[in-house]
Amino acid sequence: MQFLTLWCIAVILIAAGTEAESVDASNSIRPGAVWMDTNGEPINAHGGGILTHDGFYYWYGEHKGKRHSAEVGIRVYRSTDLSNWENAGVVLPVSDDPTSEITSGCVMERPKVLYNEHTGKFVMWFHLELKGHRYNAARTGCAIADTPTGPFRYLGSTRPNAGRFPVGASSEMREQIISNRGAGPEPEPSAPKSEKADWFFARDFYGGQMARDMTLFLDDDGTAYHIFAAEENYTLHIAELDETFTRHTGRFMRFFPGGHREAPALFKRNGRYHLITSGCTGWAPNAAQHAVADSIWGPWEITGNPCVGEGSNKTFRSQSTFVLPVVNKQDAFVFLADRWNRDNLADSRYLWLPIEFEGDKPTIRFVDRWIPANHWN
Ligand code: GAL
């Protein structure tokens, strides 16, 4: 009798647990777990960013194999609830043509997409490294499409803002670069980081600035910005795009020269600009940093690490890629990060965590599981 009672209780508990699991599983986000798409396949969209368009979220990201090079291309998934993602295919495949810049074996990283209301085009930018050149090309590629699910047409790549000085450039910097036709003698290894950054900036002045880790940001006034790691990753550049979003206007600012930040994620809240970045340690995690400004051109104020709690000094073993404003919710933002697995990049995991705010300071805590639909009012 006693055994039968226990058995019944066990069956009821297991049934309840299974039901809770299935209800929860379809609506929840589990940071760091393998994330399946609606076909039951692991989502492969690393270094990703989200476009919100006509009732859907579109998650663009790098299709990763075991290694860093691109063998497939850029993928997109779409969702209405941020938890269930439908695979909408490869929107910018690598090319079979060995002479193409995006031939199989190149590196395509951190794709981001904006919709341009004036041209009606979806515009993608990504970090491009040419096949066989490791990470030395430091170029940025652009592609456009008529629909968010593509196909995207590759337009080409660039080293941005050749021959342009940043906003606020000193007359001393202008004179030095012009009189040296670029960079003068290289600084000593013991020179301050800002001096080394200035030297890299001058070195690339005529040929165009390096553009590695990147994001895009569309402001309320319709102006688009491209934020990328330049100057051998010593300095992030925040650069304005033209009205087609496919070219740089030449107006840009240097965010803390020598600051060594990458993996930028820029968003706007209550009229202020926020930028979350990582340090530069390759696939290895490090501490995130948050900065805030009234104007995108600065001055920017660094507030420190937005992550709190255990593991916060390594961003919970992850690296920022995007901050998503959630639609139809008050003050709702999600921090998107990658937990890289350098031995098998395809198995890198996603850490999506809700952001809370104390005044203008964001706070990110690790949680095992959360439900976007229930999280905000
Ligand atoms: C990281 C960067 C990644 C990838 C990696 C390659 O610093 O954030 O996107 O480029 O380096 O080592």
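What you see is a predicted model; the values in this text were computed from it and never measured.

Structural notes on the overall build of the chain
Piece 1. Tallying secondary structure elements over the chain gives four helices and 21 strands in all.
Piece 2. Taken over the C-alpha trace, the chain has a radius of gyration of 22 Å; the compact-globule value for 377 residues is 21 Å, and the two agree within 12%.
Piece 3. Along the first, second and third principal axes, the C-alpha set of the chain runs to 95 × 50 × 40 Å.
Piece 4. For the chain, the residues scored as buried account for 52% of the 377 residues in total.
Piece 5. Sequence-distant contacts, at least 24 apart, represent 52% of the contacts inside the chain between residues at least 6 apart.
Piece 6. As displayed, the chain has an accessible area near 16,900 Å², and 50% of this comes from carbon and sulfur atoms.
Piece 7. With 37 positive and 45 negative side-chain charges, the chain shows a spacing of 4 Å between the two charge centroids.

Quick look at the confidence of the model for the chain
Piece 1. On average, residues of the chain score 94 in pLDDT, and 93% of them are at 70 or above.
Piece 2. Segment residues 10-24: pLDDT under 50, and three contacts once partners within four positions in sequence are set aside and those in other chains are kept.

Some details on the environment of R369
Piece 1. Within the secondary structure, R369 is located in the loop between β21 (361-365) and α4 (372-375).
Piece 2. Residue R369 is classed as partly exposed on the basis of its relative accessible area, which comes to 28%.
Piece 3. Taking the C-alpha atoms as reference points, R369 and P31, 338 residues apart in sequence, are found 6.5 Å from one another.
Piece 4. A polar contact is formed between the side chain of R369 and the side chain of S28, at a distance of 3.4 Å.

Examining the site of the ligand
Piece 1. Around the ligand, the structure places E109, R110, Y135, D213, E262, G282, W283 and Q319.
Piece 2. Within the backbone of G282, an N or O atom sits 3.3 Å from an oxygen atom of the ligand.
Piece 3. Alone, the ligand offers 310 Å² of accessible surface; in the complex the protein occludes 87% of this.
Piece 4. Residue composition of the shell around the ligand, grouped by class: two nonpolar, two polar and four charged.

Section: the nonpolar core
Piece 1. Counting 22 residues, the largest nonpolar core has W125 and I177 as the members making the most contacts within it.
Piece 2. Of all the secondary-structure elements, those providing two or more residues to this core are β6 (121-129), β7 (139-145), α2 (171-180), α3 (193-203), β9 (214-218), β10 (224-230) and β11 (235-241).
Piece 3. The element that contributes the greatest number of residues to this core is β10, accounting for three residues.
Piece 4. If near-sequence neighbours (up to four positions away) are discounted, I177 is found in contact with F165, G182, F201, A202, F205 and Y206.

Regarding the side chain of D338
Piece 1. Of note, D338 is situated in strand β19 (residues 333-339).
Piece 2. Notably, D338 is buried but unbridged: the nearest opposite-charge side chain belongs to R110, and the N-O separation is 4.7 Å.
Piece 3. At 3.1 Å, the side chain of D338 and the backbone nitrogen of G47 are in polar contact.
Piece 4. Apart from the residues within four sequence positions on either side, D338 is in contact with H46, G47, G48, R317, S318, Q319, T321, R349 and Y350.

Section: the side chain of T321
Piece 1. Tracing the backbone shows T321 in strand β18 (residues 319-325).
Piece 2. A distance of 2.8 Å separates a polar side-chain atom of T321 from the backbone oxygen of G48.
Piece 3. Excluding its chain neighbours within four sequence positions, the residues that come into contact with T321 are G47, G48, R110, K112, T215, P264, A265, L336, A337 and D338.

Rules and cut-offs
- Residues numbered from 1 in each chain as written.
- Predicted model: local features only at pLDDT ≥ 70, side-chain atom pairs only at ≥ 80, totals over all residues.
- Heavy atoms only, no water.
- Helix = DSSP H or I, 4+ residues; strand = E, 2+ residues; numbered from the N terminus.
- Rg over C-alpha atoms; globule rule 2.2 N^0.38 Å.
- Buried < 20%, exposed > 50% of the residue type's maximum accessible area, 1.4 Å probe, protein only.
- Contact = heavy atoms within 4.5 Å.
- Areas by Shrake-Rupley, 256 points an atom, 1.4 Å probe, with all protein chains shown as cover.
- Lys, Arg positive; Asp, Glu negative; His and termini not counted.
- Charge placed at Lys NZ, Arg CZ, Asp CG, Glu CD.
- pLDDT = per-residue confidence, 0-100.
- Polar contact = N/O pair within 3.5 Å; in protein donor to acceptor, adjacent residues only side chain to side chain.
- Near = heavy atom within 4 Å.
- Nonpolar A, V, L, I, M, F, W, Y, C, P; charged D, E, K, R; others polar.
- Core = buried A, V, L, I, M, F, W, Y, C linked by side-chain atoms within 4.5 Å.
- Salt bridge = Lys/Arg side-chain N within 4 Å of Asp/Glu carboxyl O.

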